[in-house]
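# Summary of the model geometry
Chain by chain, the residues run as shown.
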Amino acid sequence: MLSEKLNMTHHIHTLVRYRNDKLEQQGDTKQVIPVNAGSNQTKKTTPLGVKVKNSLLGKTIISKLFGCHDKACDEVLNAKSPYRRQDPDSWEEEIQVSKHAISLKQLDNGLTFSVYIPKCINLKNCELQENLWLNLTDGSVLCGKWFFDGTGGNGHALDHYRETNYPLAVRVGSITPDGADVYSFQEEEAVIDPHLAEHLAHFGIDMLQMPKTENGFTCSEFKSRTHEWEVIQESGLKLKPVYGPGFTGIKNLGNSCYLTATMQVLFHIPEFQREKMAKLGHGLLSGQYSKPPVKSELIEQSFQNGISPRMFKALTSKGHPEFASSRQQDAQEFFLHLINQIERNSEGTETPSDVFRYLVEERIQCCQSRKVRYTHRVDYLMQLPVPVEAATNKEELIMYEVKRREAEVNKRMFPEVVRARIPFSACLQAWTEPENVDDFWSSALQAKSAGIKTSRFSSFPEYLVIQIKKFTFGLDWVPKKLDVSIDMPDLLDITFLRATGLQLGEEELPDIAPPIVIPDEPKAPEIDDSAVMQLAEMGFPLEACRKAVYYTGNMGAEVAFNWIIAHMEEPGITQGVITSRALFKWVCHASP
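Just so it is clear, the structure is predicted and the values come from calculations on it, not from any experiment.

Along its length, the protein chain carries 17 helices and 23 strands. Residue burial in the protein chain is summarised as follows: out of 592 residues, 34% are buried. Expressed as a percentage of contacts within the protein chain between residues at least 6 apart in sequence, the contacts between residues at least 24 apart total 65%. Accessible area for the protein chain stands at about 38600 Å²; split by element, carbon and sulfur atoms hold 53% of it.

So this is what it looks like as structure tokens:
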């Protein structure tokens, strides 16, 4: 049984406790707890020794641990594992019942809602139709806060709370028969409202009739988005569960889909199956944890539970503030983090991550001298831009936008979403385009100049990992996520991206480093002497007057006067004569 367990888990070191007859002959025995409770009988036991065996080498590597075997065993048994560790910083806080929910007072203002809320109801003519929040006191429907990626709202719901102190609001797009997202402005967190159904009924809203939508009670895009999700999930089809090697799922630990997706892909690569992370790989590929249920367990349709990656997540995310948490993360960032961990902890010259490794040739050209420089860098992932202007369905996009605006004005159901279709070849072409080099210093001119950079493949990886860069910045420098569809080919030929090296007729930039610029010594701050003299004539110490004028930015005697009055009790304000150099030193080491 033990050997089968070791073969399954791939542990190579075994701690074995064994009977030591030699010690027993010497009379070295131990007294243990009574055999029967309440009796005075004790049981004479044979001393135990400990062996540490290596299952791969087939031999004992440590055999004399008689004095510390109990301690060693206790340390192993009591070690905190990811399954037993309770880390409050790693898990989401449990949502509590709001203290305002029970005694919430609602205004009888006669406000009721139909099945559609068009937009944020705000005196500033806010036109937002997403991220709307219904205040449970007066029924105001206002937009939520602004998010970093450009989504969200203008914060009108929060502004309304600051004006009225009405504490609770519910996100209108989240209302379902099962509940809704409720936020307490006063408590500054998501909360539970046990009387939510009654509070919504006050405004004519029946929770039992509300489907969950994105931007309203019956959002016009709900059906189209639901249809897309159903297609992805193959909803409505009778699917047959599959079991066996290579068909093992991974449990979601809470926002851990980035890890699950990445590892499922990696373990389809032979180098990762046999080289690294053997325990997780064995769990996914052996089929030991993907077996069909016995007949007694069958009810209607039974699915496998999958394996839990807690230990793997704890190992790979140790010391990383983001991946160690339970917050949502980016799969591309985790992939590069994992590659870095493998590279740093590899003992040999070859690692499984080598299958993703390739060299990029970067060609930089001085636009004025036309001379070039070729450099190389290592990369593991190709990031491709999305040229929206290369969409192949521009006419459909124009028609969709017209219909969408008409539906918005007439409060009708929106048309089915039409996304820009971008050929993958256009993304590759955009990657090859020259880009400007910021702050380029030309060694040919010995000065800063305009420079452009192009990239090509010096070597190709065995497996090419590609990331489509769907986040971009708008004209207002607000990040936005592009809602586009990329047409991927079945076969990909990128031989045209092969690097060529220095070409005939090209002249290299001289190998000269930019000059080291030594900053000038800081100058003493300038002080308005006329303002200082006006303050001094009022009877203030000269040193205090100089400090006041400096810290108020030479804005005049009146502003400096107020500064002196506010700081008169501070120690050292009138000590010493402050010359220009002394004043500069004082400014660098003191705080106002």
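Taken together, Ile95, Val97 and Ile192 make up a surface patch of nonpolar side chains, about 240 Å² in accessible area. Structurally, Ile95 is set in the loop between α3 (69-78) and β6 (96-97). A relative accessible area of 42% means that Ile95 is categorised as partly exposed.

Moving on: the pairing of strand β7 (residues 132-135). A two-sided burial pattern is seen for β7, the buried positions comprising Leu132 and Leu134 on one face and Trp133 and Asn135 on the other. Where β7 meets strand β8 (residues 141-143), three bridges bridge the pair, whose relative direction is antiparallel. Directly across from Trp133, in β8, lies its bridge partner Leu142. What sits between β7 and β8 in their antiparallel hairpin is a turn of five residues, with Gly139 showing a positive phi close to 80°. As judged from the three bridges shared by β7 and strand β9 (residues 168-171), these two strands associate in the antiparallel manner. Looking at the pairing, Leu134 lines up with Val170 of β9.

For the rest of this paragraph, the subject is the packing of helix α15 (residues 542-551) against helix α16 (residues 557-567). Working note: a packed helix pair is described by the angle between its axes plus the distance between those axes. With their axes 8 Å apart at the nearest point, α15 and α16 run at an angle of 115° to one another. Where α15 crosses over α16, the two elements pack in a sense that is right-handed. Taken together, the residues of α16 that come into contact with α15 (itself represented by Ala544, Cys545, Lys547, Ala548, Val549 and Tyr551) are Ala560, Trp563 and Ile564. Looking at the contact of α15 with α16, its residues break down into eight nonpolar, no polar and one charged.

Within the structure shown, the criterion is met by 13 salt bridges. Note that Arg419 is salt-bridged to Asp483, the shortest N-O span being 2.5 Å. Of the two residues, Arg419 sits in the loop between α12 (394-410) and β15 (420-423) while Asp483 sits in the loop between β22 (479-481) and β23 (484-487), which places them 64 residues apart along the sequence. One salt-bridge network, in which partners are shared between bridges, spans Glu362, Arg377, Asp379 and Lys453.

The subject of this paragraph is the sheet that holds β7. Strand order across the open sheet formed by six strands is β6-β11-β10-β9-β7-β8, with mixed pairing between neighbours. Lying at the two open borders of the sheet, with one neighbouring strand each, are β6 and β8.

Here we come to the packing of aromatic side chains. All told, the structure shown has 14 aromatic pairs when counted by the stated rule. Arranged with centres 5.4 Å apart and planes meeting at 75°, the rings of Tyr258 and Phe334 form a pair that is edge-to-face. Taken together, the residues Tyr258 in helix α7 (residues 257-266) and Phe334 in helix α11 (residues 331-344) connect sequence positions 76 residues apart. Among the residues examined, Tyr258 registers a relative accessible area of 4% and is labelled buried.

Working note: α-helix, 3.6 residues per turn, so residues spaced by three or four point in the same direction. Here α12 is 17 residues long and its end C-alpha atoms lie 25 Å apart, about the 24 Å a rise of 1.5 Å per residue gives. Looking only at α12, the buried set comprises Tyr400, Arg404 and Ala407. The arc that holds the buried residues of α12, viewed along the axis, is 65°, so those residues lie on one side. The exposed set on the far side of α12, more than 90 degrees from its buried face, consists of Glu395, Ile398, Arg405 and Val409.

Mapped onto the elements of the fold, Lys313 is located in helix α10 (residues 310-316). A residue is classified by how much of its surface remains accessible, and Lys313, at 11% relative accessible area, is buried. Engagement of the side chain of Lys313 in a polar contact is seen with the backbone oxygen of Phe323, the distance being 3.0 Å. The residues contacting Lys313, other than those within four sequence positions of it, are Leu253, Tyr258, Leu259, Phe323, Ala324 and Ser325.

Further remarks concern the sheet that holds strand β13 (residues 372-379). Reading across from one edge, β13-β12-β19-β16 is the order of the four strands in this open sheet, with antiparallel pairing throughout. Looking along the sheet, the strands with just one partner apiece sit at the ends: β13 and β16 (435-436).

Direction vectors running N to C along α7 and α11 enclose 55°, while the axes themselves pass 9 Å from each other. In terms of orientation, α7 and α11 fall into the oblique class. Two packed elements cross with a definite hand, and for α7 against α11 that hand is right-handed. Counted together, Tyr258, Leu259, Thr262, Met263 and Leu266 of α7 and Ala331, Phe334, Phe335 and Leu338 of α11 form the full contact between these two elements.

What follows is about the environment of Thr495. Considering the arrangement of structural elements, one finds Thr495 in the loop between β23 and α14 (529-537). A relative accessible area of 47% places Thr495 in the partly exposed class. Along the backbone, Thr495 and Phe457 are 38 residues apart, and their C-alpha atoms lie at a distance of 8.8 Å.

Attention now moves to the nonpolar core. With 22 residues, the main nonpolar core has Met263, Phe272, Phe334 and Phe356 as its most contacted residues. Elements with a minimum of two residues in this core: α7, α9 (278-285) and α11. It is α11 that provides the largest number of residues to this core, a total of five residues. If we skip the residues at most four places from it in the chain, Phe356 touches Leu266, Ile269, Phe272, Phe335, Ile339, Asp379, Tyr380, Pro461, Tyr463 and Val465.

Looking now at α14. For α14, every residue scored as buried is listed here: Ala531, Val532 and Leu535. Taken around the axis of α14, the buried residues stretch over an arc of 105°, which confines them to a single face. Seen from the buried face of α14, the exposed residues on the opposite side, beyond 90 degrees, are Asp529 and Glu537. Positive backbone phi, at 105°, marks Gly539, one or two positions downstream of α14.

This paragraph deals with the pairing of strand β19 (residues 451-457). Relative to β19, strand β12 (residues 358-366) is paired through seven bridges, and the arrangement is antiparallel. In the sheet register, Val360 faces β19, and the bridge partner there is Phe457. Sheet topology note: the β16/β19 ladder contains two bridges and is antiparallel. Counted as the bridge partner of Glu435 is Lys453 from β19.

Each value, and the rule that gives it
- Residues numbered from 1 in each chain as written.
- Predicted model: local features only at pLDDT ≥ 70, side-chain atom pairs only at ≥ 80, totals over all residues.
- Heavy atoms only, no water.
- Helix = DSSP H or I, 4+ residues; strand = E, 2+ residues; numbered from the N terminus.
- Buried < 20%, exposed > 50% of the residue type's maximum accessible area, 1.4 Å probe, protein only.
- Contact = heavy atoms within 4.5 Å.
- Areas by Shrake-Rupley, 256 points an atom, 1.4 Å probe, with all protein chains shown as cover.
- Patch = residues over 30% accessible without salt bridge, like charges linked within 9 Å, V, L, I, M, F, W, Y side chains within 5 Å.
- Salt bridge = Lys/Arg side-chain N within 4 Å of Asp/Glu carboxyl O.
- Pairing = 2+ DSSP bridges.
- Axes fitted to C-alpha atoms, helices over the stretch in contact; angles between N-to-C directions.
- Left-handed = near helix turned anticlockwise from the far one by under 90°.
- Nonpolar A, V, L, I, M, F, W, Y, C, P; charged D, E, K, R; others polar.
- Phe/Tyr/Trp six-rings, centres within 6.5 Å; stacked < 30°, edge-to-face > 60°.
- Expected span 1.5 Å × (residues − 1).
- Arc of directions from axis to C-beta.
- Polar contact = N/O pair within 3.5 Å; in protein donor to acceptor, adjacent residues only side chain to side chain.
- Parallel < 35°, antiparallel > 145°, perpendicular 65-115°, else oblique.
- Core = buried A, V, L, I, M, F, W, Y, C linked by side-chain atoms within 4.5 Å.

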